[in-house]
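Listed below, chain by chain, are the residues.
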Amino acid sequence: MEVLRDLGLEERARSVATPWAEMGDTLLAVSLTGPEIARMPAWGSGFARHGDYVRHSPCEYLDIPQDRIEPVLVDAAGRHGVALSYQTELVDFTQDEEGVTARLRNRLSGQQEVIRSRYLVGADGARSLVAQTIGLPFEGHQNRAGTLYTQFRCDLRRYVEHRPSILHWFFNPEMNVGEIGLGLLRCTKPWTEWIAGWGFLPEDGVPEPTDEELVGRIRQLVGVPDLEIEIFNRSVWYVNQEYATEYSRGRVFCGGDATHRHPPSSGLGLNTCVQDAHNLAWKLAYAIKGYAGAGLLDSYSEERAPVGRQIVLRANQSRLDYAAIRDCFDTSGEADPVTNALAKLNAPTEDGVRRRARLEAALQLKEHEWNAEGVEKNHRYVSSAVLPDPTLPEEVWERDVELYAQPTTRPGAKLPHAWLVDGEGTRRSTLDIVGKGRFTLVTGQAGTAWREAADELGAEFLDVVLVGADVDAHDPYHDWYRQREVHEAGALLVRPDAVVAWRCPGAVWDPAEARTLLETALDSVLDRVGDQVVDQVADQVDAGAKVLV
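Residues numbered from 1 in each chain as written. Predicted model: local features only at pLDDT ≥ 70, side-chain atom pairs only at ≥ 80, totals over all residues. Heavy atoms only, no water.

Trainee: For this particular structure, what's the right way to read a nonpolar patch on the surface?
Mentor: The grouping of Val74, Val82, Leu84 and Tyr86 at the surface amounts to a nonpolar patch, some 370 Å² of accessible area in total. Tracing the backbone through its elements, the reader meets Leu84 in the loop between α4 (66–79) and β3 (88–95). (Patch = residues over 30% accessible without salt bridge, like charges linked within 9 Å, V, L, I, M, F, W, Y side chains within 5 Å. Areas by Shrake-Rupley, 256 points an atom, 1.4 Å probe, with all protein chains shown as cover. Salt bridge = Lys/Arg side-chain N within 4 Å of Asp/Glu carboxyl O. Helix = DSSP H or I, 4+ residues; strand = E, 2+ residues; numbered from the N terminus.)

Now the structure itself:
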């Protein structure tokens, strides 16, 4: 959402999404109309964690399935002049020192064309031809488990409006198959469009239930035997645990599902894909425009590959963690297994006490899926596009690194969110004063030497903000004052993706010193030697320079 905010698409996304307030509590129950086992507040929606989430970002969480976010992105791309070719497939490509030659085929006409571009980006999914062609190295495995999804329409608002949630998990002996072993109702459009899901074992082959059988299963999950259901799609997908250890070869880059393949657990997929694109896009732009040397592009793989590995392992572990919940609800070996399992769980006996204690431990374990703010926000990039602060010791995580975000202005971290106030008295985030495809030098009221230095340097891609002094960046809450971690006359160099690239923690009062420090930092981060890079690259760039995606 912070990326979409930077692109000016936050409100458009909000208009087509399920709002934050309706996303959780995640429900554990016998059926949608049956007895509840537990509710799990998710994504910071619960009172225990909500304050953390609103403190660390100006954006609310939203649920935006792929069929709703893609039209938003496609429309925005078209408005910015991007040419989109549908029914077109990549046949093959080759690259050399100057660019990439790709052969495309129109799938309707069969006609082929050759495209010459400076770079090629393969965001072509889990069966990526681009990743295969350039030989990206992968670790992990595929097809560990299988899931059958059925999309259907049915107005279920009477059963969910009083406890809104997009995820409902059900203990059902007939669906106790595979790693999760629970039935699922996933709401994709409140409260009329849904996905029903349950697992299967790949070694048993792909299940092919009839519509009548699917309707019967869905009625079981809802708990209404005569429920009217309209099925409009079904699909089978397999659980993968696979990630690329490198994301590029020469002038060819990959991102998204082409590089990290995992189940939807933890909701990390679209987020990570968008962040891959955001990271790569500004670097390609700077290389093409002549602001940076080719070495800047090497930092894409250095930065994003560790994140891809992290989310693949986390999403798969989240699936495995359901076993702890399942073990609390024993449905085996009984004539009426659900009724007996409920009785055991709720019994006023020592055994009942032990079962409820195990359930509490299992729910605490699932916090690492449902409220894993640290997984989402604690990225620390280590690459040639980040200059470490030599005055800092190694970072110490004050709380669980997966559960809790730890904002910092350390180089490699994303700029912390703090509320500022503009000239009209309206709140704006520190994330709103950076980005938009530009570098930003953030300093304080005493940082006038930095502004003078930047003006002398004359970098057309660099802005300077004096927080507390500039009319659109007042700090009346002292929110930024408490978070900046540098002297008021120090500075933070923030990249277009809002990541801190370099910082000067101490005060600098001399504009000449500030210019030397700033120029050295920019040259290092952007892999350039003064203006030589600009002159060399500008000779190669014209209005038709292309990146093939």
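Trainee: Could you clarify how one ought to interpret the nonpolar core in this entry?
Mentor: The tendency in soluble globular proteins is for nonpolar side chains to be buried as a group. Leu28, Ile37, Trp43, Trp169, Phe329 and Trp370 are the most contacted members of the largest nonpolar core, which totals 35 residues. The set of elements that each furnish at least two residues to this core consists of β2 (36–40), β9 (167–170), α10 (322–326), α11 (337–346) and α12 (350–370). Ignoring sequence-local partners within four residues, the contact set of Trp169 consists of Thr26, Leu27, Leu28, Ala29, Ile180, Leu182, Gly183, Leu184, Tyr322 and Trp370. (Core = buried A, V, L, I, M, F, W, Y, C linked by side-chain atoms within 4.5 Å. Buried < 20%, exposed > 50% of the residue type's maximum accessible area, 1.4 Å probe, protein only. Contact = heavy atoms within 4.5 Å.)

Trainee: Looking at this structure, I do not really get the side chain of Thr443. What am I missing?
Mentor: Following the sequence through the fold, Thr443 ends up in strand β19 (residues 439–444). Overall, the relative accessible area of 4% leaves Thr443 in the buried class. A distance of 3.4 Å separates a polar atom in the side chain of Thr443 from the backbone oxygen of Glu488. Apart from the residues lying within four places of it in its own chain, the contact partners of Thr443 are Trp450, Val465, Leu466, Val467, Glu488, Ala489, Gly490 and Ala491. (Polar contact = N/O pair within 3.5 Å; in protein donor to acceptor, adjacent residues only side chain to side chain.)

Trainee: Just to check I follow, could you spell out α11 for this structure?
Mentor: Residues spaced three or four apart along an α-helix point in a common direction, a consequence of the helix completing one turn every 3.6 residues. Taken as a whole, α11 has its buried residues at Pro337, Val338, Ala341, Leu342 and Leu345. Projected onto a plane normal to the axis of α11, the buried residues spread over an arc of 130 degrees and lie on a single side. Packed against the buried residues of α11 are β2 and α12. (Arc of directions from axis to C-beta.)

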